Structure formats: C-alpha cells, structure tokens
Amino acid sequence: MFRAWDGYAGGMQTRILGRTGRAVSVIGLGTWQLGADWGDVTEADATDVLAASVDAGVTFFDTADVYGDGRSEQVIGHFLKNHTDADITVATKMGGRLGKLPETFVLKNFRDWTERSRRNLQTETLDLVQLHCPPTVVFQTGEVYDALDTLVDDGVIANYGVSVQTGEEALTAIARPGIATVQIILNAFRLKPLDEVLPAAREAGVGIIARVPLASGLLTGKYTRETTFAENDHRNFNRDGSHFDVGETFSGVDYETGLAAAAEFAALVARENADLTPAQAALAWVAQIDGVSSVIPGARSVAQAAGNAAAGLVPQLSVEFNEGVQELYDRLLREQIHPRW
Ligand SMILES: NC(=O)c1ccc[n+]([C@@H]2O[C@H](COP(=O)([O-])OP(=O)(O)OC[C@H]3O[C@@H](n4cnc5c(N)ncnc54)[C@H](OP(=O)(O)O)[C@@H]3O)[C@@H](O)[C@H]2O)c1
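I will try to describe carefully the structure that is included in this document. (Residues numbered from 1 in each chain as written. Predicted model: local features only at pLDDT ≥ 70, side-chain atom pairs only at ≥ 80, totals over all residues. Heavy atoms only, no water.)

Structural notes on the overall build of the chain
Turning to step 1, where the next piece is worked out: Helix and strand content of the chain: 12 helices and 10 strands.
Turning to step 2, where the next piece is worked out: In terms of C-alpha radius of gyration, the chain reaches 19 Å, essentially the compact-globule figure of 20 Å for 341 residues.
Turning to step 3, where the next piece is worked out: Each principal axis of the C-alpha atoms in the chain carries an extent, and together these give about 55 × 45 × 40 Å.
Turning to step 4, where the next piece is worked out: Each of the 341 residues in the chain was classed as buried or not, and the buried ones make up 54%.
Turning to step 5, where the next piece is worked out: Considering only intrachain contacts with a sequence separation of at least 6, the fraction spanning at least 24 residues in the chain is 77%.
Turning to step 6, where the next piece is worked out: Surface summary for the chain: the accessible area is close to 13,800 Å², and the carbon and sulfur share equals 50%.
Turning to step 7, where the next piece is worked out: Measuring between centres, the 28 positive side-chain charges of the chain sit 1 Å from its 45 negative side-chain charges. (Helix = DSSP H or I, 4+ residues; strand = E, 2+ residues; numbered from the N terminus. Rg over C-alpha atoms; globule rule 2.2 N^0.38 Å. Buried < 20%, exposed > 50% of the residue type's maximum accessible area, 1.4 Å probe, protein only. Contact = heavy atoms within 4.5 Å. Areas by Shrake-Rupley, 256 points an atom, 1.4 Å probe, with all protein chains shown as cover. Lys, Arg positive; Asp, Glu negative; His and termini not counted. Charge placed at Lys NZ, Arg CZ, Asp CG, Glu CD.)

Notes on empty space enclosed by the protein
Turning to step 1, where the next piece is worked out: Considering all chains together, one arrives at three cavities of 30 Å³ or more under this definition.
Turning to step 2, where the next piece is worked out: Of the voids in this model, the largest cavity is the one considered here, and its volume is about 80 Å³.
Turning to step 3, where the next piece is worked out: Every residue along the wall of the largest cavity is listed here: Gly 167, Glu 168, Leu 171, Lys 192, Asp 195, Glu 196, Val 197 and Trp 341.
Turning to step 4, where the next piece is worked out: With three residues, helix 6 (residues 167-174) is the largest single contributor of residues to the lining of the largest cavity.
Turning to step 5, where the next piece is worked out: Residues of the lining of the largest cavity, tallied by class, amount to three nonpolar, one polar and four charged.
Turning to step 6, where the next piece is worked out: Estimated volume of the second largest cavity: approximately 40 Å³.
Turning to step 7, where the next piece is worked out: Lining of the second largest cavity is provided by Ile 27, Gly 28, Leu 29, Ser 53, Val 58, Pro 297, Ala 299, Ala 305, Asn 308 and Ala 309. (1 Å grid on protein atoms, 1.4 Å probe; cavity = no way out; pocket = protein on both sides within 12 Å on 5 of 7 lines; lining within 4 Å. Points joined across faces, edges and corners; volume = space filled by probe spheres on them. Nonpolar A, V, L, I, M, F, W, Y, C, P; charged D, E, K, R; others polar.)

Let's talk about the site of the ligand
Turning to step 1, where the next piece is worked out: The immediate surroundings of the ligand are formed by 30 residues, with Asp 62, Ser 163, Leu 214, Tyr 223 and Arg 300 found nearest.
Turning to step 2, where the next piece is worked out: Pro 213 is positioned such that a nitrogen or oxygen atom in its backbone is 3.5 Å from an oxygen atom of the ligand.
Turning to step 3, where the next piece is worked out: For the ligand, whose unbound accessible area comes to 900 Å², protein coverage reaches 93%.
Turning to step 4, where the next piece is worked out: A breakdown of the residues in the shell around the ligand according to their chemical character gives 11 nonpolar, 12 polar and seven charged. (Near = heavy atom within 4 Å. Polar contact = N/O pair within 3.5 Å; in protein donor to acceptor, adjacent residues only side chain to side chain.)

A few points about the nonpolar core
Turning to step 1, where the next piece is worked out: Formed by 96 residues in total, the largest nonpolar core has its most connected members in Phe 61, Phe 110, Val 182, Phe 189 and Phe 265.
Turning to step 2, where the next piece is worked out: With eight residues, the top contributor of residues to this core is helix 10 (residues 278-287).
Turning to step 3, where the next piece is worked out: Not counting residues within four places of it along the chain, the set of residues in contact with Val 182 comprises Val 162, Val 164, Ala 170, Ile 174, Val 206, Gly 207, Ile 208 and Ile 209. (Core = buried A, V, L, I, M, F, W, Y, C linked by side-chain atoms within 4.5 Å.)

Examining the environment of Gln 140
Turning to step 1, where the next piece is worked out: Turning to its location among the elements, Gln 140 is positioned in the loop between helix 4 (136-139) and helix 5 (142-153).
Turning to step 2, where the next piece is worked out: Separated by 32 residues in sequence, Gln 140 and Thr 172 have C-alpha atoms that sit 6.9 Å apart.
Turning to step 3, where the next piece is worked out: Contact partners of Gln 140, with chain neighbours within four places excluded, come to Thr 172 and Arg 176.

Regarding the pattern of salt bridges
Turning to step 1, where the next piece is worked out: Taken as a whole and judged by the stated rule, the model has 15 salt bridges.
Turning to step 2, where the next piece is worked out: When the shortest N-O distance is used, the salt bridge between Lys 108 and Asp 112 registers 2.6 Å. Here Lys 108 pairs with Asp 112, and both are found in helix 3 (residues 107-121), just four residues apart, close to one helical turn.
Turning to step 3, where the next piece is worked out: Residue classification places Asp 112 among the partly exposed positions, given a relative accessible area of 36%.
Turning to step 4, where the next piece is worked out: Across the pair Glu 248 and Arg 211 runs a salt bridge whose closest N-O atoms are separated by 2.7 Å. With Glu 248 in the loop between helix 8 (234-237) and helix 9 (255-272) and Arg 211 in strand 9 (residues 207-211), this residue pair connects regions lying 37 residues apart in the sequence.
Turning to step 5, where the next piece is worked out: Overall, the relative accessible area of 10% leaves Glu 248 in the buried class.
Turning to step 6, where the next piece is worked out: One salt-bridge network, in which partners are shared between bridges, spans Asp 69, Arg 97 and Arg 116. (Salt bridge = Lys/Arg side-chain N within 4 Å of Asp/Glu carboxyl O.)

Digging into the side chain of Thr 249
Turning to step 1, where the next piece is worked out: Within the secondary structure, Thr 249 sits in the loop between helix 8 and helix 9.
Turning to step 2, where the next piece is worked out: Residue Thr 249 is classed as buried on the basis of its relative accessible area, which comes to 2%.
Turning to step 3, where the next piece is worked out: Side-chain polar atoms of Thr 249 contact the side chain of Asn 238, separated by 3.0 Å.
Turning to step 4, where the next piece is worked out: Not counting residues up to four positions away in its chain, the partners in contact with Thr 249 are Ser 216, His 234, Arg 235, Asn 238, Arg 239 and Phe 244.

Re the sheet that holds strand 5 (residues 89-94)
Turning to step 1, where the next piece is worked out: Taken in spatial order, the eight strands make up an open sheet running 3-4-5-6-7-8-9-10, and their pairing is parallel. Strands with a single pairing partner mark the edges of an open sheet, and in this sheet they are strand 3 (29-30) and strand 10 (292-295).
Turning to step 2, where the next piece is worked out: Looking at chain direction, strand 8 (residues 179-185) and strand 9 are connected through five bridges and run parallel. Note on strand 9: the bridge partner recorded for Ile 184 is Ala 210.
Turning to step 3, where the next piece is worked out: Across the sheet, helix 3 lies against strand 5 and strand 6 (128-132), angled at about 140° from strand 5, the strand it touches most. (Pairing = 2+ DSSP bridges. Axes fitted to C-alpha atoms, helices over the stretch in contact; angles between N-to-C directions.)

Have a look at this one:
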C-alpha cells in the first residue's frame with residue numbers, strides 16, 4: 001500500500017475550490033457513511049475517521065442535512081468544536097428533507113434548512129451549501145438562485161453550489177454567475193463529465209467536487225459475487241434504484257459487470273505501480289484530472305481514510321494507464337452508462 005511517507009516530499013496537494021476562492025485538499029472526505037445507509041458506523045468510529053483524515057492532510061469534508069437525519073453534520077460540528085485550529089472547509093447540502101419536490105426549493109425552506117445545518121455544524125456561516133440533487137426544473141428556476149443570493153447577503157452561507165445527477169444539470173448551473181461549485185459523479189466507471197462538464201467548469205472557474213470516486217467501493221476490487229451488504233446499506237436496498245437514483249449505487253454499473261471491470265482495473269494498477277492499491281489509483285486518477293477541485297471518497301474506518309488521503313501524494317499516472325482506463329470504459333461500460341448520466 002502507498003503510504004503518505006512513501007510519496008514525494010510535497011505533502012497533500014491543495015486546489016482552489018472554484019468560486020469560493022478557498023484552498024482545499026485535493027482528496028477530501030465524503031461523510032454519508034458517518035450518517036447512515038452504509039451499515040452501522042458508531043459515533044466513535046465516525047470521529048476517528050474525521051481525525052485520521054485531518055491528520056493525513058484532508059481539509060475538505062462533504063456532508064448533507066439528510067445523512068442520518070443530521071447525524072453526519074452533528075459529528076462534524078462536534079469534531080470541529082474540538083479542533084478549532086484545523087482549517088477545514090465543510091460543504092453541506094440541503095433539499096432532501098421534504099421529498100425533493102420543486103415547490104419546496106424556496107427561500108422560506110432554505111432559511112429553515114440552513115438554520116438547522118448551522119446548529120448541527122455549530123457555525124454562524126456555512127462555508128458552502130449545495131442543492132442536493134433537486135429535480136431538473138429547479139436548476140432552470142431564477143428565483144432559486146435569487147433565494148440563494150439572499151442567504152449569502154444575510155451572512156448565513158458564504159457560498160452555494162449544486163450537486164447534480166446529469167451533465168445537462170451541471171451545465172445549466174455552471175452558466176449561473178453565483179454558482180461556486182458543482183458536485184458530480186466522476187470515476188473510472190463514469191467518464192461522461194469529461195466530455196463537456198469539466199471544460200465548461202474550467203472556463204467558468206466553477207469548482208468540481210468529484211463524488212462516488214470508488215463507485216461505492218467497486219473500484220477497490222475487494223468485492224466478489226459472494227460479498228453481502230448489510231440490510232441498511234444502500235448497496236443492498238438500492239441496487240434497483242427503488243429508493244433513489246440508481247446512479248448513486250455502484251455508480252449505476254450493474255454488479256456483475258462491475259466485478260469484471262474492477263478486476264481489469266486492478267490489473268491496470270498492478271502494471272502501473274505495484275505500491276498503489278486499486279483504491280488509491282482510482283482516487284489519484286480522478287484527482288489528476290484538470291479542473292477537479294476535490295475528490296471525496298467515503299470511508300468507514302481509519303485505515304480507509306488514511307489510505308485514501310495518501311492518494312493525494314501519488315505522482316502523475318502514466319499516459320498508458322489513462323488510455324487503459326478509457327479503453328476499459330469504452331469496452332465494458334460506455335453503452336450502459338454514457339447515454340444515461
Ligand atoms: N447526491 C449526492 O450529493 C451524493 C450522493 C452520493 C455520495 N455523495 C457524497 O460523496 C461521498 C463519496 O461517495 P460514496 O461514499 O457514495 O462512494 P465511494 O466514495 O465511491 O465509496 C465508498 C466506499 O468505498 C469503500 N472504501 C473507501 N475507501 C476504501 C479503501 N481505502 N479501501 C477499501 N475500501 C474502501 C468503502 O466500502 P465498504 O463500506 O464496503 O468498506 C466505502 O464505504 C459520500 O460519502 C457523500 O459525501 C453525495
């Protein structure tokens with residue numbers, strides 16, 4: 001395994017997070033796992049994951065008001081209270097509490113939701129609030145952006161962005177002057193954002209937060225046909241998309257195809273650098289894309305968090321490796337994934 005002390009001396013790379021103007025670590029931390037939907041994670045383990053990440057140079061946490069109905073935000077709020085010297089940027093999300101109906105994306109609810117997040121995160125001003133994958137029409141509604149501007153004027157939030165399902169939604173949001181960041185699924189099994197979204201974001205100076213970078217763990221290569229997931233894990237209950245967009249579970253790749261693709265990905269990594277785990281190579285591959293501000297793997301243990309952070313130190317991956325990722329996607333996944341997301 002590639003550890004922090006194996007890398008070059010530079011330490012964790014940082015990038016400017018789009019129009020927020022803030023510097024954040026290129027490997028951040030996703031904290032859905034610290035809320036719910038990934039089996040059980042105790043509060044002590046959740047705090048240890050945050051601490052291990054910060055120790056390894058992570059300065060960016062992604063959360064949401066609905067992760068464990070506020071639990072993820074609360075654990076982070078408590079952690080930050082005890083680590084005031086750590087210069088962490090926290091991105092939360094709002095919009096998931098009332099069924100994601102278009103008519104709920106109004107100033108009154110934004111005020112209620114952000115007040116709750118400010119309480120949970122124990123802060124006066126939220127660093128970054130993202131609309132949490134609302135229906136497509138919300139991205140096209142001028143009043144929504146006006147309401148978000150009002151929150152900035154009121155000092156309740158410092159910046160706002162969006163989390164999206166599709167490239168079209170990303171492009172609609174990027175065209176708005178107040179949007180600081182776009183969060184989108186981008187990983188070796190999800191290449192469509194490279195076509196138009198990344199170039200548009202770079203041009204506009206909008207930050208890209210790359211989520212689900214391990215395809216919900218598939219890209220680690222650790223699962224088999226026999227692997228089982230807990231009843232309260234979305235990789236068990238949402239494989240068919242019955243609870244939320246199936247693209248959020250294994251990146252929308254069906255499990256059988258995902259296992260085959262993951263085995264081929266691991267072989268590419270072994271040829272590239274025997275010291276890298278497939279997880280680290282998968283994260284480094286995303287982090288090295290021009291225009292990506294931060295990659296936010298979820299972690300359920302200290303070992304995962306520390307191993308992932310070390311991906312921020314991985315030297316430039318080779319042209320052959322990049323071509324191998326593209327070839328693998330084109331052959332096994334493009335037909336299933338590209339038309340949809
Ligand atoms: N709509 C949205 O806005 C939205 C949707 C999805 C996610 N997100 C955000 O994006 C973050 C990341 O996405 P994600 O958590 O869904 O998926 P992910 O980061 O692709 O996968 C996380 C899973 O990968 C496995 N893993 C992580 N590090 C590992 C390591 N070093 N070695 C072995 N296995 C490792 C763990 O699986 P095991 O549990 O099997 O160990 C972990 O639960 C979330 O936490 C959340 O903050 C946002």
